[in-house]
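So you can see what is in the structure, the chains are spelled out below.
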Amino acid sequence: MPDAIDGVYTRIYRCIKCIPEGKVATYGQIAKLIDASGARQVGYALSATPAELDIPWHRVINAKGEISQRSDGLADSEQYARLLAEGVVANKTGRISLLQYRWQPSPEDFLVDEEIDDEFWRDQPGVG
DNA sequence: CTTTTGACGCGTA
DNA sequence: CTACGCGCCAAAA
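Residues numbered from 1 in each chain as written. Chains lettered and ligands numbered in written order. Predicted model: local features only at pLDDT ≥ 70, side-chain atom pairs only at ≥ 80, totals over all residues. Heavy atoms only, no water.

Colleague: I'd like a description of the overall build of chain A, backed by residues and values.
Modeller: Within chain A, the secondary structure is distributed over six helices and two strands. Looking at chain A residue by residue over its 128 residues, the buried ones come to 34%. For chain A, the accessible surface area stands at approximately 8200 Å², while carbon and sulfur atoms represent 47% of it. (Helix = DSSP H or I, 4+ residues; strand = E, 2+ residues; numbered from the N terminus. Buried < 20%, exposed > 50% of the residue type's maximum accessible area, 1.4 Å probe, protein only. Areas by Shrake-Rupley, 256 points an atom, 1.4 Å probe, with all protein chains shown as cover.)

Here is the structure:
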């Protein structure tokens, strides 16, 4: 249990909080949005997600449109159940269509190479 | 200080 | 479609 939530993980958590209901994002997408070191770091952050933070972790899937399996094996059904409740449905192949459900955070106003300023976060719901 | 541990992405064959 | 390799790094022990 981490008693302090600081550093890169905080940015990851903030970014995931911005994912709207009914949309999903990939690990690599989150990583690029916040200029993290890579998609892995996003996964590592999610593995250490504190329960007290209300983070929609279920909206983060891998680049294949599938739900990544956790070490304890708990959340694969849990995650998909949460997505179903938001209207995110997998196709025949058991994968989620990224073309249909991928979250696109105003690509015109958002520059990946620059730091995320407060303006970006101010426009997003659920971010304090 | 060092070592271990991971919810990944992408190119290539 | 599968398999493999490499890149990448924070946090906890």
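That shown, we press on.
Colleague: Any details on the packing of helix H1 (residues 8-17) against helix H3 (residues 39-47)? Residues and values, ideally.
Modeller: Between two packed helices, both the angle of their axes relative to each other and the distance between the axes serve to describe the pair. Where H1 meets H3, the closest approach of the two axes is 10 Å, and the angle between their N-to-C directions is 85°. With respect to H3, the element H1 is oriented roughly perpendicular. From H1, Tyr9, Ile12, Tyr13 and Ile16 reach across to H3, where they touch Gln41, Val42, Tyr44, Ala45 and Leu46. Considering only residue class, the contact of H1 with H3 consists of eight nonpolar, one polar and no charged. (Axes fitted to C-alpha atoms, helices over the stretch in contact; angles between N-to-C directions. Parallel < 35°, antiparallel > 145°, perpendicular 65-115°, else oblique. Contact = heavy atoms within 4.5 Å. Nonpolar A, V, L, I, M, F, W, Y, C, P; charged D, E, K, R; others polar.)

Colleague: Please provide a residue-by-residue account of the protein's contact with DNA strand B, values included.
Modeller: Within the structure, DNA strand B sits among 16 residues, and Arg40, Tyr44, Leu46, Ala63 and Arg70 are positioned closest to it. When the atoms of DNA strand B within 4 Å of the protein are grouped by moiety, sugar and phosphate amount to 46% of the total. A distance of 2.3 Å is found between a base nitrogen of DNA strand B and a side-chain nitrogen or oxygen belonging to arginine 40. Here a base nitrogen of DNA strand B sits 3.0 Å away from a polar atom, N or O, in the main chain of leucine 46. If you list the elements that add at least two residues to the surface near DNA strand B, you get helix H2 (27-33) and H3. Sorting elements by how many residues they give to the surface near DNA strand B places H3 first, with six residues. (Near = heavy atom within 4 Å. Polar contact = N/O pair within 3.5 Å; in protein donor to acceptor, adjacent residues only side chain to side chain.)

Colleague: Can you break down the confidence of the model for chain A residue by residue, with the values?
Modeller: Per-chain confidence: chain A averages 78 in pLDDT, with 73% of residues scoring 70 or above. Strand E2 (residues 60-61) holds the highest mean pLDDT among the elements of chain A, 94, whereas helix H6 (residues 118-122) holds the lowest, 48. In this model residues 1-5 is a low-confidence stretch, pLDDT under 50, and it forms four contacts with partners more than four residues away in sequence or in other chains. For the stretch residues 107-128, pLDDT sits under 50, and the model shows 20 contacts to residues farther than four places along the chain or on other chains. (pLDDT = per-residue confidence, 0-100.)

Colleague: Outline the environment of serine 71, supporting the account with residue identities and numerical values.
Modeller: Note on placement: serine 71 falls in the loop between E2 and helix H4 (75-85). The exposure class of serine 71 is exposed, given its relative accessible area of 82%. The sequence separation of serine 71 and serine 47 amounts to 24 residues, and the corresponding C-alpha distance is 8.7 Å.

Colleague: Just give me the short version of the side chain of glutamine 79, but keep the residues and values in it.
Modeller: Tracing the chain through its elements places glutamine 79 in helix H4. Overall, glutamine 79 belongs to the buried group, its relative accessible area being 4%.

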